[in-house]
Amino acid sequence: MPRLKLFFAVSALLFSTLACVTLFGEPSNSQGVSASGESIPEFVLPSDVPAEAASCPAITDQIVGANTSLDLANDLAKDFNYIPADDGETRYLVTYLVSGDEIQDPYYENVPSSLEDEQNDTDAHQRIWNYFTALIPLEYRQTLSEFSIMTDGEDNILAAVAQTYDDPNRWGLEVDIADTSDYYYLSFTLVHEFAHLFTLAPDQVTPSIAIFNNPEDETLYMDEVAACTTFFPGEGCSNPDSYINAFYEEFWTDIYDEWNEVNLIEDEDLYYEKLDDFYYKYEDQFLTDYSVTHPAEDIAEAFGFFVFADQPDGDTLAEQKILFFYRYPELVQLRSEILAGLCLNFPE
């Protein structure tokens, strides 16, 4: 049974857990078969852009409020210095194969008896999956082939994406069953994770087979980075016209070298101290403090606010990151479809 392949940073250029929050993940075809020999369909977007998005401000305002402070500089919702009360160890409970809108063929892990109830709660697993598919239409999920229920205790990682173990072109979504009761956080986080899926998809970032097969080879990794003339998010070299490369070119080129000096710090305490300093130095450029951890997290956080927040004036660089997505008609349409699903399916 394929399992999500987690990449640990061989260089600080590759953020080790894109989770929130996010791990780098894997794509699937519409049938969800994770056979590496199959061709991966191109990420296709519908052609008809709706005139206006569905509106449920009583919900979206609360989602925005739960994930940012009033000045759009979040000091509370995603505190990257937060240390969970438990040991934070991630335990996978069950992994499903994805086939279109369906999850099937569950693979159950060996878990402590204290987690057996959560492992066997198939109704909860299905409810989480159904909500994700209600938000993200099928045609936008062509790279997703696995869905995992995991837990690291409460109030740590809510969800993540990662390349599957045997195919760098396919991704898996994982959700912590202990953190799904608050749908204001869950909704934003699922959209955040989806942003990774489409901004890191094979048609946006060509996966490096060498890195995938040798994740601990730092020399090889740095050689791949050096050979890339565009932004290198970790899995491979981004295409010149990709969303993430355009985002990096507009918002990160002036600060990336300074950020990467912090990112290369190996001492964890010093790293967080310097990352704090970096965040407060450039606070008006980031929508949340979590955005500062990696350019891939920055674009995912910005996409979340693009979906759920009103269109801003663009007075700050942080707000301009939201406006970035309005340049793409296909993403404006996607926003409308996500909001329609949210307004219809958000729990009462």
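See the structure printed just above.
Computed from a predicted model, the values in this text were never measured in an experiment.

Visitor: What should I look at first to understand helix H9 (residues 268-281) in this one?
Guide: Side chains of residues three or four places apart in an α-helix project in the same direction, reflecting 3.6 residues per turn. For H9, built from 14 residues, the straight-helix expectation of 20 Å at 1.5 Å per residue is met to within 8% by its first-to-last C-alpha distance of 20 Å. Taken residue by residue, H9 has Tyr271, Leu275, Phe278 and Tyr279 as its buried positions. Axial view of H9: buried residues confined to an arc of 100 degrees, hence all on one face. Among the exposed residues of H9, those pointing more than 90 degrees away from its buried face are Asp269 and Lys281. The elements touched by buried residues of H9 are helix H8 (256-263). For H9, the N-terminal capping position is held by aspartate 267, with its side-chain oxygen 3.3 Å away from the main-chain nitrogen of aspartate 269.

Visitor: Explain the packing of aromatic side chains to me, please; I cannot follow it from the model alone.
Guide: Given two aromatic rings, their pairing is described by the distance between the two centres and the angle made by the two planes. In total, this model carries 33 aromatic pairs according to the counting rule given. Look at phenylalanine 303 and phenylalanine 306: their rings are 5.7 Å apart centre to centre, the planes differ by 45 degrees, and that puts the pair in the tilted class. Pair noted here: phenylalanine 303 and phenylalanine 306 are both in helix H10 (residues 295-308), with a separation of 3 residues, about one helical turn. Like phenylalanine 306, phenylalanine 303 is buried. An aromatic cluster is present here, built from Phe194, Phe198, Tyr243, Phe247, Phe251, Phe303, Phe306, Phe324, Phe325, Tyr326 and Tyr328 joined pairwise through their rings. For lysine 321, the ring lying beneath its charged end belongs to phenylalanine 286, and the centroid distance is 4.1 Å. Directly above the aromatic system of phenylalanine 306 lies the positively charged group of arginine 335, at a separation of 5.9 Å from the ring centroid.

Visitor: Even after reading the chapter, I still don't get the state of the cysteines, so can you show me in this structure?
Guide: One way to say it: the disulfide is the covalent bond shared by the sulfur atoms of two cysteines. Tallied over the entire structure, the rule returns 2 disulfides. Between cysteine 56 and cysteine 343 runs a disulfide, and the two sulfur atoms are separated by 2.1 Å. One quick way to see it: the torsion about the S-S bond of cysteine 56 and cysteine 343 is about -80 degrees, and its sign makes the bridge left-handed. Here the residue cysteine 56 occupies a position in the segment before helix H1 (57-67), and cysteine 343 occupies one in helix H12 (residues 329-345), the gap between them amounting to 287 residues.

Visitor: Would you mind going over the nonpolar core with me for this structure?
Guide: In summary, soluble globular proteins display a tendency toward joint burial of nonpolar side chains. Grouped together as the largest cluster of nonpolar side chains are 80 residues, with contacts concentrated most on Phe147, Phe194, Trp252, Phe303, Phe308 and Leu342. Ignoring any residue separated from it by four or fewer positions in sequence, one finds phenylalanine 303 in contact with Val191, Phe194, Ala195, Phe198, Phe325, Leu334 and Ile338. Judged by nonpolar contacts, the second largest core, of 5 residues, contains Ile211, Tyr221, Cys228 and Phe232.

Visitor: So what exactly am I meant to see when it comes to the pattern of salt bridges here?
Guide: Between side chains of opposite charge, a pair can form as their charged atoms come close. Tallying each qualifying case throughout the model produces 6 salt bridges. Notably, a salt bridge pairs glutamate 89 with arginine 91, separated by 3.3 Å at the nearest N-O pair. Exposure remark for glutamate 89: the relative accessible area of 41% places this residue in the partly exposed category. Look at arginine 91 and you get partly exposed, because its relative accessible area is 29%. With a closest N to O distance of 2.6 Å, lysine 321 and aspartate 298 form a salt bridge.

Visitor: Help me understand the sheet that holds strand E1 (residues 91-99) in this model?
Guide: Strand pairing in a sheet is mediated by backbone hydrogen bonds. Such pairs are either parallel or antiparallel. The sheet built from 5 strands is open, its strands ordered E2-E1-E3-E5-E4 with mixed pairing. Strands with a single pairing partner mark the edges of an open sheet, and in this sheet they are strand E2 (102-108) and strand E4 (159-164). Pairs of neighbouring strands in the sheet enclose a mean axial angle of 30 degrees, with direction left out of account. Two strands pair when backbone bridges link them, and strand E3 (residues 144-151) and strand E5 (residues 167-176) are joined in this way by 6 bridges, in the parallel orientation.

Visitor: How do you make sense of the environment of alanine 318 when you look at a structure like this?
Guide: As for its position among the elements, alanine 318 is in helix H11 (residues 317-323). For alanine 318, a relative accessible area of 3% translates into the label buried. On a C-alpha basis, the gap between alanine 318 and alanine 302 in space is 8.1 Å, while along the polypeptide they are 16 residues apart. Those residues in contact with alanine 318 that sit more than four places away from it in its chain are Asp284, Gln285, Phe286 and Leu287.

Visitor: Explanation requested: the side chain of serine 238 in the structure shown.
Guide: Positionally, serine 238 belongs in strand E7 (residues 236-238). Polar contacts involving the side chain of serine 238 include one to the main-chain carbonyl oxygen of phenylalanine 231, which spans 2.6 Å. Beyond its immediate stretch of four places on either side in the chain, serine 238 contacts Gln204, Val205, Cys228, Thr230, Phe231, Pro233, Ile244 and Asn245.

Here is what the cut-offs are and how they apply
Residues numbered from 1 in each chain as written. Predicted model: local features only at pLDDT ≥ 70, side-chain atom pairs only at ≥ 80, totals over all residues. Heavy atoms only, no water. Helix = DSSP H or I, 4+ residues; strand = E, 2+ residues; numbered from the N terminus. Expected span 1.5 Å × (residues − 1). Buried < 20%, exposed > 50% of the residue type's maximum accessible area, 1.4 Å probe, protein only. Arc of directions from axis to C-beta. Contact = heavy atoms within 4.5 Å. Polar contact = N/O pair within 3.5 Å; in protein donor to acceptor, adjacent residues only side chain to side chain. Phe/Tyr/Trp six-rings, centres within 6.5 Å; stacked < 30°, edge-to-face > 60°. Lys NZ or Arg CZ within 6 Å of the ring centre and 35° of its normal. Disulfide = S-S within 2.5 Å. Core = buried A, V, L, I, M, F, W, Y, C linked by side-chain atoms within 4.5 Å. Salt bridge = Lys/Arg side-chain N within 4 Å of Asp/Glu carboxyl O. Pairing = 2+ DSSP bridges. Axes fitted to C-alpha atoms, helices over the stretch in contact; angles between N-to-C directions.

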